[in-house]
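Residue-level listing of the chains:
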Amino acid sequence: MGTHALDRDLTELAASARAALVREIDASGAWAVDPVWREAFEAVPRHLFVPYYYVGVRGGYERRWGENPDPRARERWVRGAYVDAPLATRLRDGELVSSSSQPSLMAMMLAALRVRDGDRVLEIGAGTGYNAALLAHRLGDDCVTTVDLEPEITEAARRHLAAAGYHPVVVTGDGARGVPQRAPFDRIIATCTLSSVPVGWLAQCRPGARILSPLATGLIALTVRDAGHAEGRFLHTPAYFVPLRGADRHEEGFVEWGGVPRRARENELFRFLLTLTRDTLEPREAYTLWEREGQPRRERYGITVSGEREWAWLDDPEGPYAWPLR
C-alpha cells in the first residue's frame, strides 16, 4: 500500500472514529444545555493534537504515535485518539505533566461555560491545544487566548492548532497571573486543578463573567461581580486534572485518617470534602460533619472571593460551615 493510500485510509478511519465519539458524547448528555458544541467536536480532528500519547501497561507506559512504521500501530494510535478517555501526552521523570482531557468531560465543561457569540475566553492550561481549537471553532480565533507555563507545551499547541487550521492566541506564562494584555475576558476556563482562585483573574474579567475551574476534586462555577468579588457553587460532576504549575501550585501531603471508617475513605464525596477543607479540618472532623449533614453532594458546596479573602462553604456563604482557602 502506497503512502497516499495509507494516509487516505487513516483519514477515513479518523473521520469514522470521530463520528462514533460524537455519538457517544451525545448519548451521555454532556452538551445537552448547549448542543451547538456538537458541531465543534464533529469538526475538530483530535488525532492532530495527539501525534503521540502514552497508555499504561504493566511496568510503565507504552508510547503510541502517528509516525510508527507499523501500519497496525498507526491504526491503534488513531483509534485510541478517539476513545472517550484522557490521554497522557507528556511525562517527566515518570510524572504526568500534560494530558488531553476526556472528551465527554471537556464537552460538559464547555457547555457549562455558557459562552455566547462574541465572548472573549481565556483558557488556563494549553495542553495539546485541542480545547482551544474547540473554543476557536465556536467563537473565532481572536476571541480565544490560551496560556501555559511550559514553552515546550505552548510551542506544541501552536503547531497542533495550525495543523488543524486554527490560530487562537497562545501565550507562554504563569496561568495563575492570567493574561492581562488580552483582557477583559467574558469567560475563564481552567483545565488544571487549583487550590484557590487567583485573585488576579477577577480583575481581568468583565462584570458578570463566568469562571469555570477544577478545584479540590470538583468543578467550581463562579460569577464575577467586580474586580474583587466572585461567588458560585460546584457542579455535580467529579473532576481530576493535573495541578496548575506556577504561583498557585499546592503540594498535597500524606493523609492521617485518624479512625475514619473505610466506607468513608473510599467514598468519592467524602474525599471531595476532605480535599476542599484540607487546611482546616482533620479527617475525623470532616467525617463527623459529613455524616451529620447527610453526606452532602457537591452542589451544596460553594466558594466566595471577597477582596483578599476566599473561602469554601456548605449551603450558605455566611456559615455555619465555612473554610478559608487563602
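Structure first, text after, so check above.
Residues numbered from 1 in each chain as written. Predicted model: local features only at pLDDT ≥ 70, side-chain atom pairs only at ≥ 80, totals over all residues. Heavy atoms only, no water.

**Concerning the sheet that holds strand S10 (residues 218–226)**
Note the cut-off: Note on pairing: DSSP must find at least two bridges between two strands before they are called paired. Secondary structure elements follow DSSP: runs of H or I no shorter than four residues count as helices, runs of E no shorter than two count as strands, and numbering proceeds from the N terminus. Throughout, an axis means a line fitted to C-alpha atoms (over the contacting stretch in the case of helices), and angles, computed between N-to-C directions, take values from 0 to 180 degrees. Residues count as neighbours in contact if any of their non-hydrogen atoms are within 4.5 Å of one another.
Ordered in space as S7-S6-S5-S8-S9-S10-S11-S12-S13-S14, the ten strands form an open sheet in which the pairing is mixed. Whereas interior strands pair on both sides, the edge strands pair on one side only; in this sheet they are strand S7 (169–172) and strand S14 (322–324). Ignoring which end each strand starts from, the neighbouring axes of this sheet average 20 degrees apart. In this structure, strand S8 (residues 185–190) lies alongside strand S9 (residues 205–215), joined through four bridges in parallel fashion. Note on S9: the bridge partner recorded for Arg187 is Arg210. The sheet strands contacting helix H6 (residues 151–164) are strand S6 (144–148) and S7, and the helix crosses S7 at an angle near 165 degrees.

**Quick word on the pattern of salt bridges**
Proximity of charged atoms lets side chains of opposite charge pair with each other. Test applied: Any Lys or Arg side-chain nitrogen located within 4 Å of an Asp or Glu carboxyl oxygen qualifies as a salt bridge. Residue burial is assigned from relative accessible area. The probe radius is 1.4 Å, only protein chains are included, and a residue is buried under 20% of its type maximum, exposed over 50%, and partly exposed in between.
Scanning the model with the defined rule gives 19 salt bridges in all. Residue Glu62 is joined to Arg64 by a salt bridge in which the shortest nitrogen-to-oxygen separation is 3.3 Å. Assessed through its relative accessible area of 23%, Arg64 is described here as partly exposed. Glu75 is paired through a salt bridge with Arg79; the nearest N and O atoms lie 3.1 Å apart. On the criterion of helical spacing, the pair formed by Glu75 and Arg79 is a turn pair, its members being four residues apart in helix H3 (residues 71–81). Overall, the relative accessible area of 35% leaves Glu75 in the partly exposed class. Here the salt bridges share partners, and the residues they tie into one network are Asp26, Arg38 and Glu42.

**Here's the deal with the environment of Arg298**
Counted only if it meets this: We call two N or O atoms a polar contact when they sit within 3.5 Å, provided that within protein one can donate a hydrogen and the other can accept it, with sequence-adjacent residues counted only if both atoms are side-chain atoms.
Along the chain, Arg298 falls in the loop between helix H10 (283–292) and strand S12 (301–306). If we skip the residues at most four places from it in the chain, Arg298 touches Thr217, Gly218, Phe234, Leu235, His236, Thr237, Pro238, Glu268, Leu269 and Phe272. At a separation of 3.0 Å, a polar atom in the side chain of Arg298 contacts the main-chain carbonyl oxygen of Thr217. Here Glu268 takes part through its side chain, which lies 2.5 Å from a polar atom of the side chain of Arg298.

**Comments concerning the packing of aromatic side chains**
Two aromatic rings, taken as a pair, are described by how far apart their centres are and by the angle between their planes. Rules: Ring pairs shown here join Phe, Tyr and Trp side chains whose ring centres sit within 6.5 Å, with only the six-membered ring taken for Trp; geometry is labelled stacked below 30 degrees between planes, edge-to-face above 60, and tilted in between. We call a charge positioned above a ring when the Lys NZ or Arg CZ atom is no farther than 6 Å from the ring centre and deviates by at most 35 degrees from the ring normal.
Under the counting rule described, the total for this entry stands at ten aromatic pairs. For the pair Phe234 and Phe272, a centre-to-centre distance of 5.0 Å together with 80 degrees between the ring planes defines the contact as edge-to-face. Here Phe272 lies in helix H9 (residues 268–276) and Phe234 lies in strand S11 (residues 229–234), a separation of 38 residues in the sequence. Note on accessibility: Phe234 and Phe272 belong to one class, buried. Across from the ring centre of Phe272, 4.8 Å away, lies the NZ or CZ of Arg298, which sits over that ring.

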